[in-house]
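Now for the letters of each chain:
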Amino acid sequence: MDLWMFLVVGIPVLLILLSEASSAARRQRDTSVRLARIERRLALVIEHLGIVEPEPDLPEVVRHLENGNKIHAVKAYREATGEGLRDAKEAVDRMAAQRSL
């Protein structure tokens, strides 16, 4: 009796849950694709208009650079902006070059 109950109730419930999980993953992928497309278009518009986004004013990052500690500067930049490691390192390198540090 327990096996039949599992087969009648458990398997359909399991299939529904798997279907919903698959659907959620598909929606997340679709959203990511749409967001990437919007970001590319926005970048093209900004470039076309000649808008230059200024570097954020980050005194803690500058302080670390002035002390010669680039690794801490990158870490502080990442914490302040949420950027990834590569983008943060490139930004800190630009900041150091602008300030001749």
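Residues numbered from 1 in each chain as written. Predicted model: local features only at pLDDT ≥ 70, side-chain atom pairs only at ≥ 80, totals over all residues. Heavy atoms only, no water.

A closer look at the overall build of the protein chain
Then, in step 1: Secondary structure assignment for the protein chain yields four helices and zero strands.
Then, in step 2: Written out in order from the N terminus, the α and β elements of the protein chain read α-α-α-α.
Then, in step 3: Here the C-alpha radius of gyration of the protein chain, 24 Å, is well above what a compact globule of 101 residues would show, namely 13 Å.
Then, in step 4: If one aligns the C-alpha atoms of the protein chain with their principal axes, the spans along those axes are about 80 × 35 × 15 Å.
Then, in step 5: The burial tally for the protein chain puts 15% of its 101 residues in the buried class.
Then, in step 6: The long-range share in the protein chain, meaning contacts at least 24 apart out of those at least 6 apart in sequence, stands at 32%.
Then, in step 7: In the structure as shown, the protein chain presents an accessible area of about 8500 Å², 60% of it carried by carbon and sulfur atoms. (Helix = DSSP H or I, 4+ residues; strand = E, 2+ residues; numbered from the N terminus. Rg over C-alpha atoms; globule rule 2.2 N^0.38 Å. Buried < 20%, exposed > 50% of the residue type's maximum accessible area, 1.4 Å probe, protein only. Contact = heavy atoms within 4.5 Å. Areas by Shrake-Rupley, 256 points an atom, 1.4 Å probe, with all protein chains shown as cover.)

Quick look at the confidence of the model for the protein chain
Then, in step 1: On average, residues of the protein chain score 88 in pLDDT, and 98% of them are at 70 or above.
Then, in step 2: The element-level mean pLDDT for the protein chain is lowest in helix α1 (residues 2-49), coming to 86, with helix α3 (residues 70-81) highest at 94. (pLDDT = per-residue confidence, 0-100.)

Concerning the side chain of H64
Then, in step 1: Along the chain, H64 turns up in helix α2 (residues 59-66).
Then, in step 2: When its relative accessible area of 13% is taken as the criterion, H64 is described as buried.
Then, in step 3: Leaving out residues up to four positions away in the same chain, H64 has contacts with N69, H72, A73 and A76.

Remarks on the pattern of salt bridges
Then, in step 1: Within the structure shown, the criterion is met by two salt bridges.
Then, in step 2: With its nearest N and O atoms 3.0 Å apart, the salt bridge here joins D93 to K70. Residue D93 is located in helix α4 (residues 85-98), and its partner K70 is located in helix α3; the two are separated by 23 residues in the primary sequence.
Then, in step 3: Its relative accessible area of 39% is what places K70 among the partly exposed residues. (Salt bridge = Lys/Arg side-chain N within 4 Å of Asp/Glu carboxyl O.)

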